[in-house]
Structure formats: structure tokens, C-alpha cells
Amino acid sequence: MASRSHFAAPLLLAAVVALILYVSLYPFRFHAEAPAILETLRQLDWARAGRSDMFNNVLLYVPLGFCMALVVEPRFGRLWGIVLGAATGALLSLTVEVAQASITQRVPSLTDLSLNATGALLGAIGGSIWHALDARMTPRSNPIGRSGAVALTVLVLWLIARLWPLWPDASLRQIKRAVRPLFTPDFSWTELAAFFVGWLVVAQAVFHLARRQRSVDAFLLVIAVVLVGRTFTADNTLVFAELAAIAILLPVLVLLSRVEDRGRSALLAAVLGTWLAAVALMPAMRGAPEVSLEMPAIAEFLSRNPPPPAQLAGKGFSYVALAWLLTGTGLMPHVAAGVTVLLVLLLCLLQVGAVAPSYGWIDLVIAVIAGLMVARWMPRGLARRK
């Protein structure tokens, strides 16, 4: 019996194929004296490639194999999903190599073909793993009825924080800049934890917005939007810590799917609140000499410049999400809003004397706005969805 299909997979597959063709055939300057197809195939050889080029060739075809596995496996099984995923990558790569023979700046080779096929195979295996975890990541209990506007606000703020400045840049230079940090993976545990907590909250928001049968596919779309968006927005790059956090998140979602909605909200609220407190306490825990014993003047405290827009959106995401999650534990909306504002106030007081504080007056303003939003938009009674 065929398993459930993924509605997002065909859309993502089309986008991936378009991306591969764009990156591989840019700048689309074909010359008329191109050799015949058979002659091009005879001329293919094992040309040497740099480490970064090899990595790019593998990475470019991983999403293709991933999406092909999600399209094929529900209908024909795991083996065919992996085989056709790898075969489609090899066939598309061969087609691209032949087309590149007509572009002066491109050098087709069997090396590229083998690396592309390897990337597609790895992606197909990843897609098969995602498909196996799909049904297990979906929360077993129906979410408690809550305002979709607040959950959507949480999601939009996350997208703004990750994609700012929201200025598209489809140049080959931007694409190379975006993937360059992946060549030399380097991250801190605090960075990994920050992304893990953020994506954990995003998953909860998506599960409340989407239908239960399509929630995991919707979450996959959000992941794709962020990763592709950071590749094609000016001055943004892919972050290895974020990719690692998403990979770690998948088995955690399987475990959380067994927890009823109220308990899951309480757990996530505790994790998010603990992380916000840790950010305030990290300088002291590290023993860094960043805290001054002298209290700053009120005028000097208020004159501190607000953070850039991406960081503002990130703070808004954290405070709206915290108040929203607290309502999911059973608190009345205005109580959840008050707890959020009180927590942010305490965090600001902890860093009043800090030379470079992580919290300031702008945090209080954002927390108050988030609290008002939740108190106004959230229903006072938490009825179960039918």
C-alpha cells in the first residue's frame, strides 16, 4: 500500500532543477560552433577540480536527490526512490555537461558528472530518511485552538530575521558567497543552541498553522524558503550551525510528537525562557570583564542605539513566541503577556551595568508590544480543535 505523498516535493523539485540549470549554464552565452552531442560525450575526461568546486558539485545536487526521493518513494518504495533519485541526478548532470560544451567559460568533465551523481545519491538517502520520519514528527494530539494570527506573526518574524535585508540577488557571486562558509565548517555551541531553539519554536508554529496531515511538509517548505532565501538575498550566507541544528531537530521532533500540546508548549516555553536568560548571564559565566559596577545614567541608558532590523525581528520573534507558548500551557493571555514582560524586565536589570548589553530599553518596548498582541489576539478559552 502506497504511503502518503508530499505536496511540497514537486514544487521544491521544480525549483531545484531551475536552480541547477541557472548555476550550471550561467551566463547563457552559447556559441554556434558547438560540437555534436556524440563528439561532446567522447571528449569528456576526468579533469582535475579544486576542493571548493568538488564540494559545490556535490552540494548542488543533494536537494535534487532529496526531492526526487520524496516524490518517488511514496508511490514505488524506498529502493526505487533512492535509485531514481541518483539516476535523475546523473541524467540531468549529463545533459548539463553536454550543454556546457556550447559555453566558452565552462569545461564539461566526467569528474563533475560523478560528483553530481554522488550528491544526488546522498540527497536521495536523506529524502528517504525524511520520509521515514515524516509521520513520526507530526504531533499525535490535535493542537489546542489558538489564534493563527499570533502563530503566523512568530513565523513571519523568524523569516524576516533570517532573510534580512530581503533584497534579492541572483548573481553567481552571491551564490558562491552564500555557500563558501560551508567549505570550512566552524561554529560555536551557543550558535548551534540558538538555531536549535529558534527552529524548535518555528516547528511548533507551523504545526499550529498547517493541517495535521500536511504539517511536516509545510515545515519542509519553511526550511527551504530560509535556506534558498539566504542563498539569493544580498550579503547573506548559509550557516553551518543552522544546518546542523535542523538535522538535530528532526529526531527531537519525533520524541516531542508523543507529548500532548499543553505539555509540549510548556516544554518549549521553558527552553526558550532558559535560552533568553542564558544570553543575559553568559558574560558573567564566562568570566568576561564586560560588567561595570557603576550604574549608567538614565539618559545614557536610553540613548543606546537600537540593534539592526534583523536583530529587532529576532527579539520580536522570541518575545511573541514566549507569550504565545505560555498561553498554550493554560495561562490566560494577559497573564502570559505579563510574565513575558516581567522576564524581559529582569533580564534588562541583569545587564544594566554591562558595557555591551544584550538587553536594553528596546527589549522592554518589544516585549510590551508582544504582550499586548498576545493579550488582544489570543482567545481566552482554549478549546480543542475538532
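Residues numbered from 1 in each chain as written. Predicted model: local features only at pLDDT ≥ 70, side-chain atom pairs only at ≥ 80, totals over all residues. Heavy atoms only, no water.

Chemist: Is there a simple way to think about empty space enclosed by the protein in this case?
Modeler: Which parts of space are left empty comes out when a probe the size of a water molecule is rolled across the atoms. Taken as a whole, this structure holds one cavity of 30 Å³ or more when the rule is applied. As a volume, the largest cavity reaches approximately 60 Å³. Contributing elements (two or more residues each) for the lining of the largest cavity: α8 (189–209), α10 (240–256) and α11 (261–286). No other element matches α8, which puts four residues into the lining of the largest cavity. Classifying every residue of the lining of the largest cavity by side-chain character gives eight nonpolar, two polar and one charged. (1 Å grid on protein atoms, 1.4 Å probe; cavity = no way out; pocket = protein on both sides within 12 Å on 5 of 7 lines; lining within 4 Å. Points joined across faces, edges and corners; volume = space filled by probe spheres on them. Helix = DSSP H or I, 4+ residues; strand = E, 2+ residues; numbered from the N terminus. Nonpolar A, V, L, I, M, F, W, Y, C, P; charged D, E, K, R; others polar.)

Chemist: Whenever I open this one, the confidence of the model for the chain confuses me. Can you help?
Modeler: Close inspection of predicted coordinates is inappropriate for parts of the model with low pLDDT. Averaged over every residue, the pLDDT of the chain is 85; residues scoring 70 or more account for 84%. Residue range residues 382–386 is modelled with pLDDT below 50. Its contacts to residues more than four positions away, or to other chains, number 17 contacts. (pLDDT = per-residue confidence, 0-100. Contact = heavy atoms within 4.5 Å.)

Chemist: Would you mind going over the side chain of Ser-24 with me for this structure?
Modeler: Inspection of the secondary structure assignment puts Ser-24 in helix α1 (residues 8–25). A distance of 2.8 Å separates the side chain of Ser-24 from the backbone oxygen of Ile-20, its partner in a polar contact. (Polar contact = N/O pair within 3.5 Å; in protein donor to acceptor, adjacent residues only side chain to side chain.)

Chemist: Please clarify how a nonpolar patch on the surface should be interpreted in this entry.
Modeler: Taken together, the side chains of Phe-76, Leu-79, Trp-80 and Val-83 make up a nonpolar region of the molecular surface, amounting to roughly 470 Å² of accessible area. Per-element accounting of the nonpolar patch gives the leading share, three residues, to helix α4 (residues 78–100). With respect to the secondary-structure elements, Trp-80 resides in helix α4. (Patch = residues over 30% accessible without salt bridge, like charges linked within 9 Å, V, L, I, M, F, W, Y side chains within 5 Å. Areas by Shrake-Rupley, 256 points an atom, 1.4 Å probe, with all protein chains shown as cover. Salt bridge = Lys/Arg side-chain N within 4 Å of Asp/Glu carboxyl O.)

Chemist: Sorry, what's going on with helix α15 (residues 361–377) here?
Modeler: Residues spaced three or four apart along an α-helix point in a common direction, a consequence of the helix completing one turn every 3.6 residues. Between the first and last C-alpha of α15 there are 24 Å, a value that for 17 residues agrees with the 24 Å anticipated at 1.5 Å per step. For α15, the complete set of buried residues consists of Ile-362, Asp-363, Ile-366, Ala-367, Ala-370, Gly-371, Met-373 and Val-374. Contact partners of the buried residues in α15: α6 (148–163), α13 (309–328) and α14 (333–350). (Expected span 1.5 Å × (residues − 1). Buried < 20%, exposed > 50% of the residue type's maximum accessible area, 1.4 Å probe, protein only.)

Chemist: Teacher, can you tell me more about the packing of aromatic side chains here?
Modeler: Two measures describe an aromatic ring pair: the distance that separates the ring centres and the angle between the ring planes. Within this structure, the stated rule accounts for eight aromatic pairs. On the basis of an interplanar angle of 85° and a centroid distance of 5.2 Å, the ring pair of Phe-55 and Phe-183 is categorised as edge-to-face. Taken as a pair, Phe-55 in helix α3 (residues 51–76) and Phe-183 in the loop between α7 (172–179) and α8 lie far apart in primary sequence, 128 residues in all. Given the relative accessible area of 30%, Phe-55 is considered partly exposed. (Phe/Tyr/Trp six-rings, centres within 6.5 Å; stacked < 30°, edge-to-face > 60°.)

Chemist: What is the right way to read the packing of α8 against α13 from this model?
Modeler: Helix packing geometry: the angle between the two helix axes and the distance between the axes. Remark: α8 packs on α13, axes separated minimally by 11 Å, with the N-to-C direction vectors making an angle of 55°. In this view, α8 runs oblique relative to α13, as classed from their interaxial angle. For the pair α8 and α13, the crossing hand works out as left-handed. Taking contact as the criterion, the partners of Gly-198, Val-201, Val-202, Gln-204, Ala-205 and His-208 in α8 are, on α13, Phe-317, Ala-321, Trp-324 and Leu-325. When its residues are assigned to classes, the contact of α8 with α13 shows seven nonpolar, three polar and no charged. (Axes fitted to C-alpha atoms, helices over the stretch in contact; angles between N-to-C directions. Parallel < 35°, antiparallel > 145°, perpendicular 65-115°, else oblique. Left-handed = near helix turned anticlockwise from the far one by under 90°.)

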